[in-house]
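So you can see what is in the structure, the chains are spelled out below.
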Amino acid sequence: VAKESGKNRYHLFDTVQDDAIKIRRESLEAIRSALDNQQFVLHYQPKVNMRTGKVIGTEALIRWQHPERGLLNPIEFLPIIESNPMMIEVGEWVIDATLTQISQWLAMGVDIPVNTSVNIAAVQLQQPEFTQRLTALLAAHPHVEPRYLELEVLETSALDDVAHISDIMTDCLALGVNFALDDFGTGYSSLTYLRRLPANLIKIDQSFVRDMLDNADDLAIVESVIALAKSFKREVIAEGVETVEHGTALIKMGCDLAQGYGIAKPMPASDFPAWLSHWRPDVSWQT
Ligand code: C2E
Ligand code: MG
Ligand code: MG
Ligand code: MG
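Residues numbered from 1 in each chain as written. Chains lettered and ligands numbered in written order. Predicted model: local features only at pLDDT ≥ 70, side-chain atom pairs only at ≥ 80, totals over all residues. Heavy atoms only, no water.

You'll find the protein chain entered in an unreviewed UniProt entry as EAL domain-containing protein, with Colwellia hornerae given as the organism.

Peer 1: Break down the environment of Glu239 for me, with residues and values.
Peer 2: Within the fold, Glu239 resides in the loop between strand 8 (235-238) and helix 10 (244-253). We classify Glu239 as buried; its relative accessible area is 7%. With 34 residues separating them along the chain, Glu239 and Pro273 place their C-alpha atoms 22 Å apart. If sequence neighbours within four positions are ignored, Glu239 has contacts with Asp182, Asp183, Lys203, Ile204, Asp205, Gln206, Val209 and Gln259. (Helix = DSSP H or I, 4+ residues; strand = E, 2+ residues; numbered from the N terminus. Buried < 20%, exposed > 50% of the residue type's maximum accessible area, 1.4 Å probe, protein only. Contact = heavy atoms within 4.5 Å.)

Peer 1: Which residues make up the coordination of the magnesium ion (ligand 2), and what are the values?
Peer 2: Within the protein, the atoms that donate to the magnesium ion (ligand 2) are Glu59 (OE), Asn119 (OD1), Glu152 (OE) and Asp182 (OD), at distances of 2.0 to 2.2 Å. Spacing between the donor residues of the magnesium ion (ligand 2) along their common chain follows E-x59-N-x32-E-x29-D. Between the magnesium ion (ligand 2) and the magnesium ion (ligand 3), the interatomic distance is 4.1 Å, and Asp182 donates to each metal, bridging them. One end of the pair, Glu152, is in strand 5 (residues 149-154); the other, Asp182, is in strand 6 (residues 178-184), and 30 residues separate them in sequence. On the basis of relative accessible area, Glu152 is assigned to the buried category, the value being 1%. Residue Asp182 is classed as buried on the basis of its relative accessible area of 5%. (Donors = N, O, S within 2.8 Å, 3.2 Å for Na, K, Ca; no water.)

Peer 1: Describe the packing of aromatic side chains, naming the residues involved and giving the relevant values.
Peer 2: Taken as a whole and judged by the stated rule, the model has 8 aromatic pairs. Ring centres 6.2 Å apart and planes at 50° place the aromatic pair Phe40 and Trp93 in the tilted group. With Phe40 in strand 1 (residues 40-49) and Trp93 in helix 3 (residues 86-108), the pair connects residues that are 53 residues apart, well separated along the chain. The exposure class assigned to Phe40 is buried, which follows from its relative accessible area of 4%. With centroids separated by 5.0 Å and ring planes inclined at 50°, the aromatic side chains of Trp105 and Phe272 adopt a geometry described as tilted. Placement of the pair is Trp105 in helix 3 and Phe272 in helix 11 (residues 272-278), with a sequence separation of 167 residues. For the residue pair Trp105 and Phe272, the accessibility class agrees, reading buried in each case. Over the aromatic face of Tyr261 sits the side chain of Lys265, whose NZ or CZ is 4.8 Å from the ring centroid. (Phe/Tyr/Trp six-rings, centres within 6.5 Å; stacked < 30°, edge-to-face > 60°. Lys NZ or Arg CZ within 6 Å of the ring centre and 35° of its normal.)

Written as structure tokens, this is what we have:
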């Protein structure tokens with residue numbers, strides 16, 4: 001009897017595992033078909049200087065316009081391909097679509113801030129031919145100056161091999177693009193590590209900004225990252241700025257650049273010009 005129930009258990013486990021493999025295969029096929037059928041879209045979230053009121057650019061954020069499930073956020077599909085070669089293809093689509101958007105904004109006129117950042121996955125950045133592929137993508141959009149493009153790299157994705165990532169970044173910088181270290185503070189960054197990565201911008205992770213006014217530790221982290229950025233002569237931007245109080249506190253601490261729902265949620269590119277013409281900086285930020 002014992003043997004039999006053991007066998008059943010084994011059989012059950014087998015089925016669960018088969019199901020998991022099947023679901024994974026189906027998910028990968030669905031993402032492949034999303035790529036082939038142009039179901040991915042980019043939304044753009046403005047980045048502003050709270051002190052001057054200037055919109056300095058946007059961040060491109062991927063969405064999946066799923067035929068049955070509606071608009072999906074990246075958390076629902078990027079983890080599936082995180083360590084799959086398909087991540088490289090999706091990532092290239094993102095860069096290409098962003099460069100196309102920048103060209104369109106350029107064609108629309110001088111008042112549109114065209115600086116746009118894209119998120120680059122670790123597998124994408126670490127592929128040996130990343131710099132060549134970026135060069136080719138830039139060449140395909142001759143009206144877009146490389147300095148309009150910024151690549152956001154997760155602080156944690158450089159941890160494996162700082163020397164290697166640093167080399168790739170240096171090569172890309174030579175092309176004229178900029179780099180930002182995303183979600184900064186969530187990894188195990190040391191001073192040495194920051195010194196070795198030639199990123200012009202540090203993005204303070206939203207988890208610290210969200211709780212900084214209630215949590216002394218988070219406030220200390222925000223203050224330290226701002227100080228760190230200053231001493232290393234890097235720019236610093238706060239993510240997840242949701243309230244006027246967040247903005248005011250950040251300006252007091254010396255961080256003028258911000259991104260967050262308190263300024264604008266990510267939006268389709270077609271909404272950006274109208275948002276831009278209506279947006280006014282919150283006067284209370286400056287008080
Ligand atoms: P991220 O690069 O740190 O982007 C910021 C995320 O925070 C975005 O979520 C944005 O919508 C959200 N956010 C912005 N302001 C606020 C705020 O005030 N409050 C709150 N609660 N959230 C805010 P989203 O678009 O869902 O993206 C999540 C993450 O997925 C991104 O984090 C990025 O790591 C990744 N991701 C997005 N698009 C791409 C892409 O094209 N390629 C790659 N490799 N990763 C991407
Ligand atoms: Mg980002
Ligand atoms: Mg971030
Ligand atoms: Mg994040």
